[in-house]
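As a plain string of letters, each chain reads:
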Amino acid sequence: MRLKDKVAIVTGSSMGIGEAIAKRYAAEGAKVAVNYFKSPDAADSVVKSIQDAGGNAKAYKADVSKIAEIEKFAADVINDFGQVDILVNNAGVFRTVPVMETTEEIWDEQLDLNLKGYFFFVKTLVPHWREIGGGKVVSISSIAGTGGFPNCPAYCASKGGVVNMTRALAAELGVENINVNSIAPGNVATPLNAHVRGPGSEEYVELMKTFTPTGIAFLDPEDMTGTAVFLASDDAKLIHGETIIVDGGWSVW
Ligand code: NAD
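Starting afresh in each chain, residues are numbered from 1 along the sequence in its written order. Confidence filtering applies because this is a predicted model: local features only for residues at pLDDT of at least 70, side-chain atom pairs given and counted only at 80 or more, and all residues used for totals across whole chains, interfaces and linings. Hydrogen atoms and water are omitted, and side-chain values are computed over all heavy atoms in the structure.

Chemist: For this particular structure, what's the right way to read the packing of helix α1 (residues 16-27) against helix α2 (residues 40-52)?
Modeler: Each packed pair of helices is defined by two parameters, the angle between the axes and the distance between the axes. Helix axes are fitted only over the stretch in contact, all axes being lines through C-alpha atoms; the angle between N-to-C directions runs from 0 to 180 degrees. Elements are defined by DSSP. Helices are runs of H or I of four residues or more, strands are runs of E of two residues or more, and each kind is numbered from the N terminus. Packing of α1 against α2 brings their axes to within 10 Å, and their N-to-C directions diverge by 20 degrees. When the axis of α1 is compared with that of α2, the two are roughly parallel. Between α1 and α2 lies a crossing of right-handed hand. The residues of α2 that touch α1, namely those facing E19, A22, K23 and A26, are V46, S49 and I50. Each angle is binned into one of four classes, with values under 35 degrees roughly parallel, values over 145 roughly antiparallel, values of 65 to 115 roughly perpendicular, and all other values oblique. Handedness of a helix crossing follows the sense of rotation of the near helix relative to the far helix, less than a right angle counterclockwise being left-handed and clockwise being right-handed. Should any heavy atoms of two residues lie within 4.5 Å, those residues are considered in contact.

Written out as structure tokens, the structure is:
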């Protein structure tokens, strides 16, 4: 077990990549704060599945685009589990909207959750990490943060922001034994993109297969979990400000 007795917060972990990371962290011995915004039943089912497997988890409702809710969520977890060792900034929203249809509301929704929320969750935990002697941040960015894609400028801005904010936070916090790193997934089969994988999307899925040298159109959420465990473990204690791309090879050409 590589995260034995650590306490981890995984934002947006009632489904998708967050759910997979929460379950894997629990299997590696961590106590996990499962966060949801609108889906209490889904969060309860993640908690139950962790508990059924012998793990320790609890569900917390919080809109992690809001600073006050982040602060209450962090305080509740520290109160319940005694400390927080690992923060996975995972909750995110992706809107496919071309430039001329991008309203201020669409921009703010994605930047508030995908970037501002990530920053303020780290800021909230820094005083606690100073008290306990260190911490780990694993933020989920995207290959839409390492390259540009059409029809999602706000999303690309938010994820590119995560990649460089990761470097900036690492530059400032590394000296305090706080590791800040990021994972940039390619296409991963989650509810976020279910609308482009279902019936009628066969042509699109075939096209996506040609985008990776591995021929994989959509990775599984579980494919992200090994990197998430590594970055939260002592094996990565000297890795700072890094973004590890996990995309089935999309970015090699
Ligand atoms: P998903 O839609 O399956 O899950 C997103 C989670 O975030 C859900 O649990 C949702 O309830 C939660 N959430 C949304 N708004 C929230 C809020 N305000 N407060 C708290 N929780 C909130 O998406 P996913 O594909 O699992 O995405 C997880 C992360 O991975 C996101 O940051 C996403 O941008 C990133 N990502 C996904 C892909 C992909 O192909 N699926 C690729 C690259 C990056």
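Okay, back to it.
Chemist: Would you explain the side chain of N181 in this entry?
Modeler: Considering the arrangement of structural elements, one finds N181 in strand β6 (residues 178-185). In contact with N181, not counting residues within four places along its chain, are V137, V138, S139, T166, L231, I239, H240, G241 and E242.

Chemist: Quick question: what am I supposed to make of empty space enclosed by the protein here?
Modeler: Left-over empty space is what a probe sized like a water molecule reveals as it rolls over the atoms. Whether a set of points on the 1 Å grid over the protein atoms alone is a cavity depends on a 1.4 Å probe fitting there but being unable to get out, while an open set qualifies as a pocket with protein on both sides within 12 Å along at least five of seven lines; lining residues are those with an atom within 4 Å of a point. Grid points are joined across faces, edges and corners, and a volume is the space filled by probe spheres set on the points. Applying the stated criterion across every chain, the model contains 1 cavity of 30 Å³ or more. If you go around the largest cavity, the residues you meet are T11, V64, N89, L113, G117, Y118 and F121. For the lining of the largest cavity, the element with the highest residue contribution is helix α4 (residues 104-132), accounting for 4 residues. All amino acids are sorted into three groups, where Ala, Val, Leu, Ile, Met, Phe, Trp, Tyr, Cys and Pro are nonpolar, Asp, Glu, Lys and Arg are charged, and the leftover types, Gly among them, are polar. Tallied by class, the residues present in the lining of the largest cavity amount to 4 nonpolar, 3 polar and no charged.

Chemist: When you look at the sheet that holds strand β4 (residues 86-89) in this model, what are you seeing that I'm missing?
Modeler: Strand pairing in a sheet is mediated by backbone hydrogen bonds. Such pairs are either parallel or antiparallel. The rule for pairing is simple: two strands pair if DSSP sees at least two bridges between them. The parallel open sheet is built from 7 strands, whose spatial order is β3-β2-β1-β4-β5-β6-β7. Across the chains shown, the open sheet's two edge strands, defined by having one partner strand only, are β3 (56-61) and β7 (243-246). This sheet shows a mean twist of 20 degrees between the axes of neighbouring strands, independent of strand direction. Summarising the sheet, strand β5 (residues 135-140) and β6 pair through 6 bridges and their orientation is parallel. The partner of S139 across the bridge, within β6, is S182. Contacts from helix α3 (residues 67-81) reach β1 (7-10), β2 (31-36) and β3 within the one sheet, and its direction differs from that of β3 by about 155 degrees.

Chemist: Would you mind showing me how to read the packing of aromatic side chains here?
Modeler: Note on ring pairs: Phe, Tyr and Trp rings are taken, using the six-membered ring of Trp, and paired if centres are within 6.5 Å. Classes follow the plane angle, with under 30 degrees stacked, over 60 edge-to-face and the rest tilted. For the structure on display, the rule yields 6 aromatic pairs. A ring pair is formed by F73 and F121, whose centres lie 5.6 Å apart and whose planes are at 75 degrees; its orientation type is edge-to-face. Of this pair, F73 sits in helix α3 while F121 sits in helix α4; the two residues are 48 residues apart in sequence, bridging distant segments of the chain. In this scheme, a residue with accessible area under 20% of its type's maximum is buried, one over 50% is exposed, and one in between is partly exposed, where area comes from a 1.4 Å probe on protein chains only. Judged by its relative accessible area of 0%, F121 is buried. Taken together through their ring pairs, the aromatic side chains of Y60, F73 and F121 make up a single cluster. Note on criteria: charge over ring means Lys NZ or Arg CZ within 6 Å of the ring centre, with the direction from the centre no more than 35 degrees off the ring normal. When the ring centre of F218 is taken as reference, the NZ or CZ atom of R197 above it lies at 5.6 Å.

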